[in-house]
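# Per-entry structural report
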Amino acid sequence: MIARTRGFFSKLQAPRSLRKQLLATSLLILSVLLILIGVLQYALMRNFIYSNRAEAMETQMRSVPREFYYINLNNPLNNPAVENNSAGDSTQRGAANGTSGGTYAPGNTASMNPGQSSSPQSGTPGGTDNAGNNGNMSPDNKRFYGDRRPLLLDAHTTIAIYSSDGTFKDLQEETLSASAAPRMSNGEYNSLLKQASDKATGKYRLITAADGNEHLAVFMNLGRPGATKLLLQMSVETGPLRDVIMQQLLIFGALSVVALLAGLFLYLPALRKTLIPLSKMGESAQSIDAGNLDVRFPVDQGQLEVDKLSQSFNGMLERLEISFHNEREAKEQMRRFAADASHELRTPLTSIYGFLEVLLRGAADNRDQLYSALNSMHGEAKRINKLVEDLLLLARMDGAPQLRVKNLLLGEMIDEMQPQLLVLAGKRKVNFDISYGVRGPVDADKIKQVILNLFHNAVQHTDAESGAVQVSLHARGTWAVLTVKDNGSGIAAGHLPHVFDRFYRSDSSRTRKYGGSGLGLSITKSIVEAHHGEITVTSTPGEFTIFQVSLPCLPD
């Protein structure tokens, strides 16, 4: 059965709509809560009603004088104390106080004077004659005993008395009960005789009668001193009480169904309004493509979770936009790089091709023209070789640069390069400001190339006679700062952001004149970054240009 039920529910497809899923889940949770409340209400209400009825029954039992129970424990039809009651003597009667259950009991009867006979009240059924004979009473009048009235209770209430000697007296006729009193075993009654009190406790016990009906019973110890112990039992069928409980549960169930239906019709519009921000996000997402990655989701929609989701999507879109922008720039740089490399290679190749044509046309027979053409072709070949080496170096630096790092003294390294730098400077004034003892983890060949590139760039852009170049090295904390300053023509502000781009020349004709390919500063930057350093440039046109390289160094 369980397998079939699981198979049935597995075939049911969950709603695809988020709104329907939320609605179904909410109604299901509400239904489970209402069922739990109903079960709890049944348990609490049952205990409450049973306890209240038990207290009322205890009050009923205590409202009846105990003499009534004592008299009815024996057969009142043969009791001379009842038969000899006289209206003319000083007979005392007492009526029990009425209770909520309609209990009505006679009072105590006083003893008669000896020798006097009782005369029946006229018109009173069940009265005795002058001879005191009462054996001819009809069954309908057995509940009347002389001038005493019966104990009136509702039809479902029974009273019985149990004696410690095992006697069980059912007062069904005296109470006009519709059913006989339920009886337990003598052992249970004897146990109750030890525990029951003559005071109200509100405790009750559920007993199943011989006819199968359940009874709610309360007990009271009659406490007759010096005599057999008596236990008074009052019980009532629980059927009417369960009917009250079921009626309340039916009302609760009907109200629960109404609440679920009301929630269904009221929750749908609320869900629709709640999911509007998600719908807006869906519309915005449909309008986004590679061409308009600048579109953003609204972030102030009054829902914290949706706003966080919007912020996350906006962050993703921003990263995608940056990635696409970088990709486009990379493609553009690659295109420019290919174009510039082709241009740089085409120029010397064209020159070599031209010289070869001249030689083939007969210039080879002229010794001077031959040597001049060969020298020119040799120069262009060296230029091509330099360009290819620079390109290969950049490719290696862009990939996984392999540096042979050692802890070296940077000042002493510059001292070793001074003769070569002075030769490059020619008649230009060169000033060295070196702080010795600065040690750092560097690749000596690569750092020498950085210094040579920066110095050669300064020489190219300064006057051959009045030019001045300053090379300085100082330690600033954990950084070694290398500075190359010149008094050349400077770099315009529009060119500064591009000086480290590949094949970029601020003065193309001048740089090409000295054999520059526009890759020197790009190589310098790649080497510096491979050493986890940085390079910057500042310039004032017509006054100076300063390249500053910062490299990690060891503390003193």
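Residues numbered from 1 in each chain as written. Predicted model: local features only at pLDDT ≥ 70, side-chain atom pairs only at ≥ 80, totals over all residues. Heavy atoms only, no water.

Turning our attention to the overall build of the chain. A count of helices and strands for the chain gives 14 helices and twelve strands. Every one of the 556 residues in the chain was classed for burial, and the buried ones make up 34%. Contacts spanning at least 24 positions in sequence make up 66% of the contacts within the chain whose residues lie at least 6 apart. For the chain, the accessible surface area stands at approximately 32,600 Å², while carbon and sulfur atoms represent 55% of it. (Helix = DSSP H or I, 4+ residues; strand = E, 2+ residues; numbered from the N terminus. Buried < 20%, exposed > 50% of the residue type's maximum accessible area, 1.4 Å probe, protein only. Contact = heavy atoms within 4.5 Å. Areas by Shrake-Rupley, 256 points an atom, 1.4 Å probe, with all protein chains shown as cover.)

What follows is about the environment of Glu 465. With respect to the helices, strands and loops of the structure, Glu 465 is situated in the loop between α12 (444–460) and β9 (468–476). Look at Glu 465 and you get exposed, because its relative accessible area is 53%. Sequence spacing of Glu 465 and Arg 428 is 37 residues, and the spatial spacing of their C-alpha atoms is 5.8 Å.

With that settled, consider the packing of α12 against helix α14 (residues 520–530). The contact between α12 and α14 brings their axes to 9 Å, and the two run at 145 degrees. For the element pair α12 and α14, the recorded crossing hand is left-handed. Mapping the contact onto sequence places Lys 446, Gln 449, Val 450, Asn 453, Leu 454 and Asn 457 in α12 and Gly 520, Leu 521, Ile 523, Thr 524, Ile 527 and Val 528 in α14. Of the residues in the contact of α12 with α14, the class split is six nonpolar, five polar and one charged. (Axes fitted to C-alpha atoms, helices over the stretch in contact; angles between N-to-C directions. Left-handed = near helix turned anticlockwise from the far one by under 90°. Nonpolar A, V, L, I, M, F, W, Y, C, P; charged D, E, K, R; others polar.)

Moving on: the sheet that holds strand β7 (residues 429–434). The strand order across the open sheet built from five strands is β7-β9-β10-β12-β11, with neighbouring strands paired in mixed fashion. Looking along the sheet, the strands with just one partner apiece sit at the ends: β7 and β11 (534–540). Neighbouring strand axes in the sheet, compared pairwise and without regard to direction, differ in orientation by 10 degrees on average. Where β11 meets strand β12 (residues 544–552), seven bridges bridge the pair, whose relative direction is antiparallel. Across the sheet, Ser 539 pairs through a bridge with Thr 545, a residue of β12. (Pairing = 2+ DSSP bridges.)

Within the largest apolar cluster, 44 residues are counted, with the highest numbers of intra-cluster contacts made by Leu 454, Phe 547 and Val 549. Looking at this core, the elements that each hand over two or more residues are α10 (367–398), α11 (410–425), α12, β9, β10 (479–486), α14, β11 and β12. Examining the composition of this core, we find that seven residues originate from one element, α12, more than from any other. Setting aside residues no more than four positions away along its own chain, Leu 454 makes contact with Val 484, Leu 521, Thr 524, Ile 535, Phe 547 and Val 549. By size, the runner-up hydrophobic cluster in this structure holds 26 residues, among which are Met 57, Tyr 69, Leu 216 and Leu 249. (Core = buried A, V, L, I, M, F, W, Y, C linked by side-chain atoms within 4.5 Å.)

All told, the structure shown has five aromatic pairs when counted by the stated rule. Relative to Tyr 189, the ring of Phe 168 has its centre 5.8 Å away and its plane inclined at 40 degrees; by these criteria the two rings are tilted. Here the residue Phe 168 occupies a position in strand β2 (residues 168–170), and Tyr 189 occupies one in helix α6 (residues 186–195), the gap between them amounting to 21 residues. Taking the centre distance of 6.5 Å and the plane angle of 75 degrees together, the rings of Tyr 189 and Phe 219 count as edge-to-face. A residue pair is termed long-range when its members are at least 10 positions apart, and Tyr 189 in helix α6 and Phe 219 in strand β4 (residues 214–221) qualify at 30 residues. (Phe/Tyr/Trp six-rings, centres within 6.5 Å; stacked < 30°, edge-to-face > 60°.)

With 15 residues separating them in the primary sequence, Phe 168 and Arg 183 have C-alpha atoms 8.2 Å apart. The contacts of Phe 168, once residues within four sequence positions are left out, are Ala 160, Ile 161, Tyr 162, Ala 181, Pro 182, Arg 183, Tyr 189 and Gln 233.

This paragraph deals with a nonpolar patch on the surface. Together, Leu 18, Leu 22, Tyr 267, Leu 278, Leu 309, Phe 313, Met 316, Leu 320 and Phe 324 make up a nonpolar patch on the protein surface, roughly 660 Å² of accessible area in all. At the level of secondary structure, the elements contributing two or more residues to the nonpolar patch comprise α2 (18–63) and α9 (304–360). With five residues, α9 is the largest single contributor of residues to the nonpolar patch. (Patch = residues over 30% accessible without salt bridge, like charges linked within 9 Å, V, L, I, M, F, W, Y side chains within 5 Å. Salt bridge = Lys/Arg side-chain N within 4 Å of Asp/Glu carboxyl O.)

Moving on: unusual backbone geometry. Backbone geometry at His 532 places phi at a positive 60 degrees, although glycine is not the residue there. Tracing the sequence through the fold places His 532 in the loop between α14 and β11.

An α-helix turns once per 3.6 residues; consequently, residues spaced three or four apart project the same way. Taking 1.5 Å per residue, 17 residues should reach 24 Å; α12 reaches 24 Å between its end C-alpha atoms and fits that length. Of all the positions in α12, only Lys 446, Ile 447, Val 450, Ile 451, Asn 453, Leu 454, Phe 455, Asn 457, Ala 458, Val 459 and Gln 460 are classed as buried. One side-chain oxygen of the residue at the start of α12 lies 3.3 Å from the amide nitrogen of Asp 445, identifying that residue as Asp 443. (Expected span 1.5 Å × (residues − 1). Polar contact = N/O pair within 3.5 Å; in protein donor to acceptor, adjacent residues only side chain to side chain.)

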